[in-house]
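Residue-level listing of the chains:
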Amino acid sequence: MEKFIINGGTPLNGEVTISGAKNAALAIIPASILCRDVCRIENLPVSISDVNYMMKALRHIGAEVKFINESTIEVDSRHVSSYVISHDMTRYLRASYYFIGALLGRFGRARVAMPGGCYLGPRPIDQHIKGFELLGAKISVEDNAIVEANSGGLFGAPIYLDVVSVGATVNIMLAACRAEGQTIIENAAKEPHIVDLANFLNSMGADIRGAGTDTIKIRGVENLHGCTYSIIPDQIEAGTFMVAAAATGGDVLIKNVIPKHLESISTKLIECGAEVEEYDEAVKVSMKGRPGRCNIKTMPHPGFPTDMQPQFAVLLALAEGTSIVSESIWSNRFRYTEQLARMGANITVDGQIAMIHGVESLKGAPVRADDLRAGAAMIIAGLAASGTTEIEDILYIDRGYEHVVEKFSNIGGDIRRVTCKDPDSEIESAG
Ligand code: UD1
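Criteria and thresholds
- Residues numbered from 1 in each chain as written.
- Predicted model: local features only at pLDDT ≥ 70, side-chain atom pairs only at ≥ 80, totals over all residues.
- Heavy atoms only, no water.
- Helix = DSSP H or I, 4+ residues; strand = E, 2+ residues; numbered from the N terminus.
- Rg over C-alpha atoms; globule rule 2.2 N^0.38 Å.
- Buried < 20%, exposed > 50% of the residue type's maximum accessible area, 1.4 Å probe, protein only.
- Contact = heavy atoms within 4.5 Å.
- Lys, Arg positive; Asp, Glu negative; His and termini not counted.
- Charge placed at Lys NZ, Arg CZ, Asp CG, Glu CD.
- Pairing = 2+ DSSP bridges.
- Axes fitted to C-alpha atoms, helices over the stretch in contact; angles between N-to-C directions.
- 1 Å grid on protein atoms, 1.4 Å probe; cavity = no way out; pocket = protein on both sides within 12 Å on 5 of 7 lines; lining within 4 Å.
- Points joined across faces, edges and corners; volume = space filled by probe spheres on them.
- Near = heavy atom within 4 Å.
- Polar contact = N/O pair within 3.5 Å; in protein donor to acceptor, adjacent residues only side chain to side chain.
- Sits in = over half its atoms within 2 Å of the grid points.
- Salt bridge = Lys/Arg side-chain N within 4 Å of Asp/Glu carboxyl O.
- Parallel < 35°, antiparallel > 145°, perpendicular 65-115°, else oblique.
- Left-handed = near helix turned anticlockwise from the far one by under 90°.
- Nonpolar A, V, L, I, M, F, W, Y, C, P; charged D, E, K, R; others polar.

Draft legend 1. Spatial organisation of the overall build of the protein. Helix and strand counts for the protein stand at 14 helices and 25 strands. The C-alpha radius of gyration computed for the protein amounts to 21 Å, which stays within 12% of the reference 22 Å derived for 431 residues, consistent with globular compactness. When the backbone C-alpha atoms are referred to their principal axes, the protein occupies close to 65 × 45 × 40 Å. Relative to its 431 residues, the protein shows a buried fraction of 56%. In the protein, once contacts between residues fewer than 6 apart in sequence are set aside, the share between residues at least 24 apart is 73%. The average position of the 40 basic charges and that of the 52 acidic charges among the side chains of the protein differ by 3 Å.

Below you can see the structure in the form of structure tokens.
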């Protein structure tokens, strides 16, 4: 078992470079099988475990994956021969369901075990299924565990999403770019990674317009070809370092970012009293004194991202006054507040609303990472708190943060990864 040990209380200072976007990578990796060719994917966060599971799944269906350097792979999908992704491949990873759209696009059929991933509440896929059916696929779900999709050919169609869903938008784009005729997705998700996926597919010869707006138009093409593509920087990793800088009263230059993607986070940080300077491909965040309070409501992009809610709550836990955080995407995203309470935070949760009564300081404590972003919140809390924090279940954090120990250490964070052989002996491991 591994855990993080953090000695907090030191402001973060210096520069950090952000990796490629996990959520874009998780859509782009399966998209690469839509051609029978070689795709070179750059700025890929190769070390995170979600990306590794996705590459494993690619190999499982017959693709060759070659590492070119620490952030570039080549996917040769000429010999992809299977349309089946088994439970072994999907149980740890939500995004494995993108193989349904990608395999449908490639073979007109797919058999994919239902995915795992962080538990944030019930995660229905009715909008994905509705989209595939409108494209002409027949879908059956066996024992609530395996999705089987079959089509004698996909045909473009108008598809209105009843809820704004990133997953359904991605999956429908993947299937529709090889369908005959035009698909129009209305009420589409507008997240930066939707635009990145569209740009990747267009580099492969797809014809997708409107990504980043509510309406995405996809004219199906017969063939796609290989390409070289560089993934956008990770909006949420950048946001996590921005909040960490502010919560520790630090001053950090965060490089390799697209400041436009960070606007909802920057605006809230400024509201809390942080200084945020924007450069072409960097932002600098500093905070002097105690943060001020603010309210947050998570919304689909360009609203405040649900994936930044736990991290931002740490800042608010230290703020002067009471803040209200409303979670409107997931029903079970406040579990981390119990962990923060162990560190002295004063938070009351009622359904999907948390009232955060700011305290002057947090104290180190043993806590656990309940999920990926909850884990990131624990790191920030540990860095901002006085004393020592031990974080368990860090496998969740490794799902989405590359070189997290090195990156925080380089800006002055005292954080170590230790491997525990038994409760009484700890051995430090690499990383
Ligand atoms: C969502 C977030 C994404 C975040 C990810 C992990 C939004 C819009 N999406 O993406 O930013 O990175 O969680 O935290 O903020 N839904 C249905 N039926 C469906 C699909 C979804 O009702 O078929 C509902 C979900 O229950 C949820 C909402 O729609 O309440 C958004 O889901 P969706 O965007 O698909 O989830 P992810 O793609 O995981």
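Draft legend 2. Representation of the sheet that holds strand β3 (residues 38-42) within the structure. Overall, mixed pairing links the four strands, which are arranged β4-β5-β3-β14 in an open sheet. Among the strands making up the open sheet, the edge pair consists of β4 (64-69) and β14 (228-230). For this sheet, the mean inter-axis angle between neighbouring strands, taken without regard to orientation, is 20 degrees. By the bridge criterion, three bridges tie β3 to β14 in an arrangement that is parallel. Bridge pairing in β14 links R40 to T228. Against the sheet, helix α2 (residues 49-60) contacts β4 and β5 (72-76), and its axis sits at roughly 140 degrees relative to β4. Across the sheet, helix α7 (residues 192-203) touches β3 and β14, and the angle it forms with β14 is around 165 degrees.

Draft legend 3. Molecular detail of the layout of surface pockets. Estimates place the volume of the largest pocket at around 1,000 Å³. R123, V166, G167, I329 and W330 are, among the 43 residues lining the largest pocket, the residues nearest its centre. Elements with a contribution of two residues or more to the lining of the largest pocket: α1 (22-31), α5 (126-134), α6 (166-176), α8 (235-247) and α12 (372-384).

Draft legend 4. Molecular detail of the pairing of β3. Only one face of β3 is covered, namely the one carrying C39 and I41; the face carrying V38, R40 and E42 has none of its residues buried. The pairing of β3 with β5 spans four bridges and is antiparallel. When the bridges of β5 are listed, C39 appears paired with V75.

Draft legend 5. The arrangement of the site of the ligand in detail. Contacts to the ligand come from 22 residues, most closely from Q127, S165, V166, D307 and I329. S165 is positioned with one of its side-chain polar atoms (N or O) 2.6 Å from an oxygen atom of the ligand. Placement of the ligand is best described as lying within the largest pocket. Residue contributions to the shell around the ligand peak at three residues, all from α5.

Draft legend 6. Broad picture of the sheet that holds strand β10 (residues 158-160). Read from one edge of the open sheet, four strands run β10-β11-β13-β12, paired in mixed fashion. For this open sheet the edge positions go to β10 and β12 (207-209), each flanked by a neighbour on one side alone. Going across the sheet, the axis of each strand differs from the next one's by a mean of 15 degrees, ignoring polarity. Along the sheet, α6 contacts β10, β11 (182-186), β12 and β13 (216-219); its crossing angle with β11, the most-contacted strand, is approximately 175 degrees.

Draft legend 7. Here's a closer look at α5. Taken as a whole, α5 has its buried residues at Q127, H128, I129, G131 and F132. Among the residues trailing α5, G136 stands out with phi positive, at a value near 105 degrees.

Draft legend 8. How the structure looks around the pattern of salt bridges. With the rule as written, the count across this model stands at 22 salt bridges. The salt bridge involving R40 is made with E42; its shortest N-O contact spans 3.7 Å. Its salt-bridge partner being D76, residue R78 comes within 2.6 Å of it at the nearest N-O pair. Assessed through its relative accessible area of 10%, D76 is described here as buried. Salt bridges sharing common partners tie together E2, D398 and R417.

Draft legend 9. Up close: the packing of α5 against α6. Axis separation between α5 and α6 bottoms out at 8 Å; the angle between their running directions is 20 degrees. One finds that α5 runs roughly parallel with respect to α6. For α5 against α6, the interelement crossing comes out right-handed. Here Q127, H128, G131 and F132 of α5 come into contact with α6, specifically with G167, A168, N171, I172 and A175. Considering only residue class, the contact of α5 with α6 consists of four nonpolar, five polar and no charged.

Draft legend 10. Structural context of the side chain of S96. Turning to its location among the elements, S96 is positioned in the loop between α3 (87-90) and α4 (98-107). At a separation of 2.6 Å, a polar atom in the side chain of S96 contacts the main-chain carbonyl oxygen of L93. Setting aside residues no more than four positions away along its own chain, S96 makes contact with M54, T90, V112 and P115.

Draft legend 11. Focus on the environment of M114. Note on placement: M114 falls in the loop between β7 (109-113) and α5. Each C-alpha atom, one on M114 and one on N23, is 18 Å from the other, the two residues being 91 residues apart in sequence. Discounting residues that sit within four places of it in the chain, M114 has contacts with H87, T90, I125, N144, A145, I146 and V147.

Draft legend 12. The arrangement of the environment of Y279 in detail. With respect to the helices and strands, the residue Y279 is situated in the loop between β16 (275-278) and β17 (282-286). The exposure class assigned to Y279 is partly exposed, which follows from its relative accessible area of 38%. In this structure the C-alpha to C-alpha distance between Y279 and T169, which are 110 residues apart in sequence, comes to 31 Å. Contacts of Y279, omitting those with residues within four sequence positions, involve L253, P259 and K284.

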